[in-house]
Each structure stands twice: as C-alpha cells, then as structure tokens.
There are 2 protein chains.
Amino acid sequence: MWRRKNTLPHFFAMPRVKLFDEKEVLTKAMNLFWKQGYSATSIQDLVNYLGINRASLYDTFGDKEKLFKKSFELYRKQSIDKICQFFESHPNVKEGFSELFKEAILDKDRKGCFAVNNTTELIPNDESCLKILSGNKLDFENLFYEYLKKGQMAGQLKECKDLQALASFLFIIYNGILVVSKIQTNKKELTNSIDLALSLLA
Amino acid sequence: MWRRKNTLPHFFAMPRVKLFDEKEVLTKAMNLFWKQGYSATSIQDLVNYLGINRASLYDTFGDKEKLFKKSFELYRKQSIDKICQFFESHPNVKEGFSELFKEAILDKDRKGCFAVNNTTELIPNDESCLKILSGNKLDFENLFYEYLKKGQMAGQLKECKDLQALASFLFIIYNGILVVSKIQTNKKELTNSIDLALSLLA
DNA sequence: TCGTAAACGGAACAATCGTTCTGTTATTAT
DNA sequence: ATAATAACAGAACGATTGTTCCGTTTACGA
C-alpha cells in the first residue's frame, strides 16, 4: 500500500496562522461565562465579547459546551495555582486563611466564584459537571488540609485538631463567603464573621 | 356622554372558572425554576410540567419573569414560615441550629436552596433580584439574631457574645452548607463541619 | 512562485425562544 | 334560554438559539 505522502508533490502545507491569541480569548470567554453563567450566555454574546468570528470560535473550541468546559478548566488551574502561591507566601495558617477570605469579600463587580456559580447552576442537571466539581472540592480540601498540617507541625494550632474536619469546615465557610459577597459588599460585617470562624483555629 | 353600562342590557356576566388551582400550579413552577434555574427553564418546559395551557399561563401569571418572581416570593414566604416554626419548636438554640443545618444536608435530589441558586445565577445581572435577595438576607439574619437573643436570655450561651456577628456568621455557614450539599451528599463529613461551626455557640 | 489548507467574514440553517393571537368552550347573572 | 366574558386549546408570530456551510483570504512549505 502506497502512502499518500508519496503520491502528492506538495502534501504538506502550512495555512495562515491565527490572528488571535487562543489563551487570551479563552480568558475572555471565562470571564463572560463567569459573570453571566452558562445558560444566559449565548454564542452571539461570545462572538461580540471575544471579538472573533463565529467560525473561528467553533473551529478553535468546538461547541458552546466545550468552550465552557475549557473556560472552567482554565479557571480551576488558575485558582489552584493562586491558592498554592498564596499559602506559600503566608507561613502562618490563621493569617493565611484570614487573608484568603478577606480577599474574597472584595467582590466589587459581584461575580462571585465561577466554581460556586457553576455548582448552583449546573447541579443536578449536568452529570459531567458534578464530577468536575467533586474533583474541585477534593482539590481544595486537600490543599487546605496540607496547609493546616504544615501549620500544626509548626505549632501554630494550639490543640490537636481534626484537620480533615477543619478543612471541610473551611471549604464550607469559603463557599458561604463567596455567595454572600455577591449580596453584601459591606466589608465590616463579613470581616467579623471571618474572624469568628477563624477563632476555631487558634 | 352615555356610559356603555346603560346601553347594554346584560353587561355583567361571569365567565367560566379556572380549571386549575393557581397556588398548586405556582408551587409546581417554583419547583421547576428551583431545579433548573431561571435561564435554563423555557416556557415550553413550564407548559409541559405545569400541565396548563400557554395562554392560561400568560393570562394568570403575566410573563416568564413575573411567574419567576411570584415563584420565588412563594418560596421566601414558605421558608421563612418554616424557619419560624422550626425555632419555636426548638427551645435550645444550639440544638435548633444543629437540626436546621443537618436537615439542609439531606438534599437527595441536589436542588440546593432556591435563594442561594438565584443569588449566584442572577447577581450581578438583574438589579431587581439583588434587592429581593438583600431583603432575604436581612430577614434571615434577623430571625437568627432573635433566636440567638432568646437563647442568650435563657442562659444557653456561655459567654456574652456579639449576637449580630454570630447571626451573620451562621447565615454564611448556612449558605455554604447549601452549596456544598449539592456536591457532597456524604452526611458524615458535613455533620462534622456543622458540629465544628456550632462549637462557637456554647 | 505556486499550491495547500486553515483562518476568516458572513450568510444560512433548522430549532427553539418568549409572546401574542384566533377561535372555541364553558359558566353564570340576567 | 340568552348574552357576556374569561378560560381554554393550539396555531402563529418575529426574534434568537446553537450550529453549519460557503466562498475568500492569507501564510507558509515546497
């Protein structure tokens, strides 16, 4: 069997390159889905906001659902990277969580958290998203757990706590903050609640 | 100017009565919006699920947004009534919150909380919903506060706490539980977190 | 320079969106 | 019985949905 490679003289040819940066466009898509949610964001919205052609959108990202999944994938990577760096640059556990939560309440444009928004919008109507969000929960709780453990070994936690339970608790608090911050932008009240929650650590 | 009333003999006439119970249908609409969210629920979905005609839907409830608002209004009334009764039938504060939260984690069909779902879906894209949800937050925090106060006066809280901060904290916890319950139905882990949070009360 | 193939712009697709309209049916005071 | 009128069933509306297709443009290896 002969291969096509041999039969055609100019088989390999390079087409024109993309006129847009794929990751840059994906970041834009992420931000629009984040703000509007999956269902409320139309392809036309995306075409307008991303500034690329419909055909380019479909050629590059597949369909709407695929683009959404890729957007959320990017968000997950970014937020996990951010948390890791955040913990590394905050050696004290209690201070670290305090700063993390207090940063979360500065939600000027009320977008909340893309993961939390997806949880409430897409569960229980999208099975595949449940898997992703379950994984996301585990990732966060594990990060929280390791951070707590490091703090415990450094003697930052007074008593011997159930770190697993503490990690779950902190994840719940984090989710709660990310919901309530969309309603309430009064920093003072939320700060008090955070201090109250973190009094369980020391 | 003569009035039409005088020119026609039988001006007042009663039409046929509704073949469906308005509140019953509204409850159904509430449940569908609750499960699917506002954007993901089409009029056709509603017509199928409610079992009434399109025209009847529009005649009775106005348009989609009005039906949604009425659905959520019904939900708010029901949940506030439920909380009031719940607190009245649970004289001990800590036990009351414990039971309330532990009831929330039994979310078999993963619908979550209609109010939380609406918060993440509709803010910041619907200004009128922000007002409603702000009011809802205040209502809940006030209910929590009064309940805490009653418990404090009954000597159920050891120290003299900042009850306002405690109420806000419990509202955040409640929201967090109502999000995470959609992902995690493992009761044990969530129960531990609830116990941890409520250790701040006694 | 030339041919290839992907990116591009934009029209076009069927399906569905929320909403309105048109008759018909059914009820009740007269 | 009759007239009036709202509820009913269902077709129809234009607009928008997500997606595909077509023809052109453009970059790059040969």
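Quick caveat, the model's predicted, so the values are computed rather than measured.

**Thoughts on the overall build of chain A**
Next, step 1: Looking only at helices and strands, chain A has ten helices and zero strands in total.
Next, step 2: Secondary structure elements of chain A occur, N-terminal to C-terminal, as α-α-α-α-α-α-α-α-α-α.
Next, step 3: Its C-alpha radius of gyration of 22 Å places chain A more than 25% over the 17 Å reference for a compact globule of 202 residues.
Next, step 4: Dimensions of chain A along its principal axes, counting C-alpha atoms only, are 75 × 40 × 30 Å.
Next, step 5: For chain A, buried positions account for 49% of its 202 residues.
Next, step 6: For chain A, contacts bridging at least 24 residues in sequence account for 70% of all contacts bridging at least 6.
Next, step 7: When the accessible surface of chain A is split by element, carbon and sulfur atoms take 53% of a total near 10800 Å².

**Here we look at the environment of A:Tyr147**
Residues and elements named next belong to chain A.
Next, step 1: The residue Tyr-147 is located in helix H8 (residues 127-153) in this model.
Next, step 2: C-alpha of Tyr-147 to C-alpha of Phe-97: the two residues are 50 residues apart in sequence and 9.6 Å apart in space.
Next, step 3: Among all residues touching Tyr-147, those that are not within four sequence positions of it are Phe-87, His-90, Asn-92, Val-93, Gly-96 and Phe-97.
Next, step 4: A distance of 3.1 Å separates a polar side-chain atom of Tyr-147 from the backbone oxygen of Asn-92.

**Some thoughts on the relation of the copies chain A and chain B**
Next, step 1: Note on the identical chains: chain A maps onto chain B by a rotation of 180° and an axial translation of 0.0 Å, with an RMSD of 0.0 Å. When the rotation and shift are considered jointly, the pair of chain copies conforms to a two-fold rotation axis. By C-alpha distance to the rotation axis, the residue of chain A lying nearest is A:Gly176, at 1.8 Å.
Next, step 2: Looking at chain A, 100% of its interface residues are interface residues in chain B too, so the copies touch through the same face.

**A few points about the domain arrangement of chain A**
All names here are of chain A.
Next, step 1: Annotation of chain A at the domain level lists domain 1 (17-72) and domain 2 (90-202).
Next, step 2: Look at where the C-alpha atoms of domain 1 and domain 2 centre, and you get two points 29 Å apart.
Next, step 3: Each partner contributes residues to the interface: domain 1 has 13 residues there, and domain 2 has 14 residues.
Next, step 4: When residues of domain 1 are sorted by the area they lose upon contact with domain 2, Trp-34, Lys-69 and Phe-72 head the list and together hold 60% of the total.
Next, step 5: Remark: the boundary between domain 1 and domain 2 carries zero salt bridges.
Next, step 6: The interface formed by domain 1 and domain 2 contains seven residue pairs in polar contact (both at pLDDT 80 or more).
Next, step 7: Among the secondary structure elements, those contributing two or more residues to the side of domain 1 that touches domain 2 are helix H2 (22-36) and helix H5 (64-88).
Next, step 8: Class assignment for the residues of the side of domain 1 that touches domain 2 results in six nonpolar, four polar and three charged.

**Remarks on the packing of aromatic side chains**
Next, step 1: Considering all chains together, one arrives at 40 aromatic pairs over all chains under this definition.
Next, step 2: Plain terms: the ring middles of B:Phe33 and B:Tyr38 are 6.1 Å apart, the flat faces sit at 20° to each other, and that makes the pair stacked.
Next, step 3: An aromatic cluster of at least three residues, connected via ring pairs, comprises A:Phe87, A:Phe97, A:Phe101, A:Phe140, A:Phe144, A:Tyr147, A:Phe171 and A:Tyr174.
Next, step 4: Sitting over the face of the ring of B:Tyr38, B:Lys64 holds its NZ or CZ atom 4.4 Å from the ring centroid.
Next, step 5: Geometry around B:Trp34 places B:Lys111 over its ring, the cationic atom sitting 4.1 Å from the centre.

**So, the nonpolar core**
Next, step 1: Residues A:Phe97, A:Phe101, A:Phe144, B:Phe97, B:Phe101 and B:Phe144 are the most contacted members of the largest nonpolar core, which totals 132 residues.
Next, step 2: Sequence-distant contacts of A:Phe101, that is, excluding residues within four places in its chain, are made with A:Leu170, A:Ile173, A:Tyr174, A:Ile177, A:Ile194 and A:Leu198.

**Comments concerning the pattern of salt bridges**
Next, step 1: Summed over the entire model, instances satisfying the criterion amount to twelve salt bridges over all chains.
Next, step 2: Two residues, A:Asp195 and A:Lys102, come together in a salt bridge whose shortest N-O distance is 3.3 Å. Separated by 93 residues along the polypeptide, A:Asp195 in helix H10 (residues 187-198) and A:Lys102 in helix H6 (residues 93-104) bring together distant segments of the chain.
Next, step 3: For A:Asp195, a relative accessible area of 38% gives the class partly exposed.
Next, step 4: Note that B:Arg76 is salt-bridged to B:Asp139, the shortest N-O span being 3.0 Å. Here B:Asp139 lies in helix H8 (residues 127-153) and B:Arg76 lies in helix H5 (residues 64-88), a separation of 63 residues in the sequence.
Next, step 5: For B:Arg76, a relative accessible area of 16% puts it in the buried group.

**Re unusual backbone geometry**
Residues and elements named next belong to chain A.
Next, step 1: Between Ile-123 and Pro-124 the backbone carries a cis peptide bond, its omega angle lying at 10°.
Next, step 2: Its location among the elements puts Pro-124 in the loop between helix H7 (114-122) and H8.
Next, step 3: At Arg-110, a residue that is not glycine, the phi angle is positive and equals roughly 55°.
Next, step 4: With respect to the helices, strands and loops of the structure, Arg-110 is situated in the loop between H6 and H7.

**A closer look at the side chain of B:Glu141**
Next, step 1: Here B:Glu141 is to be found in helix H8.
Next, step 2: By relative accessible area, which is 6% here, B:Glu141 ends up buried.
Next, step 3: Non-local contacts of B:Glu141, meaning those with residues more than four positions away in its chain, are made with A:Glu189, B:Ala167, B:Ser168 and B:Phe171.

Thresholds, definitions, all that
- Every chain begins its residue count from 1, and numbering advances along the sequence as written.
- Numbering of ligands from 1 and lettering of chains from A proceed in the order in which they are written.
- Only residues with pLDDT of at least 70 are given local features in this predicted model, and only at 80 or more are side-chain atom pairs given and counted; all residues enter the totals for whole chains, interfaces and linings.
- Only hydrogens and water are set aside when side-chain values are computed; all heavy atoms of the structure are taken into account.
- Comment: elements are numbered from the N terminus, with helices defined as DSSP H or I runs of at least four residues and strands as E runs of at least two.
- This radius of gyration counts C-alpha atoms alone. The globule rule is 2.2 Å times how many residues there are, raised to the power 0.38.
- Each residue is placed in one exposure class: buried if its accessible area under a 1.4 Å probe, protein chains only, is under 20% of its type's maximum, exposed if it is over 50%, and partly exposed if it falls in between.
- Two residues form a contact once any of their heavy atoms are found within 4.5 Å.
- Per-residue and other accessible areas were derived by the Shrake-Rupley procedure at a 1.4 Å probe size, with only the shown protein chains allowed to occlude residues.
- Residues adjacent in sequence count toward polar contacts only when both atoms are side-chain atoms; beyond that, a polar contact is any pair of N or O atoms within 3.5 Å, and within protein one must be able to donate a hydrogen and the other to accept it.
- Here the copies are matched by least squares. The fit uses the C-alpha atoms of residues with pLDDT of at least 70 in both.
- The split of the chain into domains comes from an automatic or database domain assignment.
- Here the quantity called buried area is the total loss of accessible area, with a 1.4 Å probe, experienced by two parts when brought into contact, counted for both.
- Only one rule defines a salt bridge in this text: a Lys or Arg side-chain nitrogen within 4 Å of an Asp or Glu carboxyl oxygen.
- Three classes are used: nonpolar for Ala, Val, Leu, Ile, Met, Phe, Trp, Tyr, Cys and Pro, charged for Asp, Glu, Lys and Arg, and polar for all others, with Gly counted as polar.
- In this scheme Phe, Tyr and Trp rings, the latter by its six-membered ring, pair at centre separations within 6.5 Å, and the angle between planes marks the pair as stacked below 30 degrees, edge-to-face above 60, and tilted otherwise.
- Sitting over a ring, as applied to charges here, requires NZ of Lys or CZ of Arg to be within 6 Å of the ring centre and within 35 degrees of the ring normal.
- For the purposes of this section, nonpolar cores are sets of buried Ala, Val, Leu, Ile, Met, Phe, Trp, Tyr and Cys residues that join through side-chain atoms within 4.5 Å.

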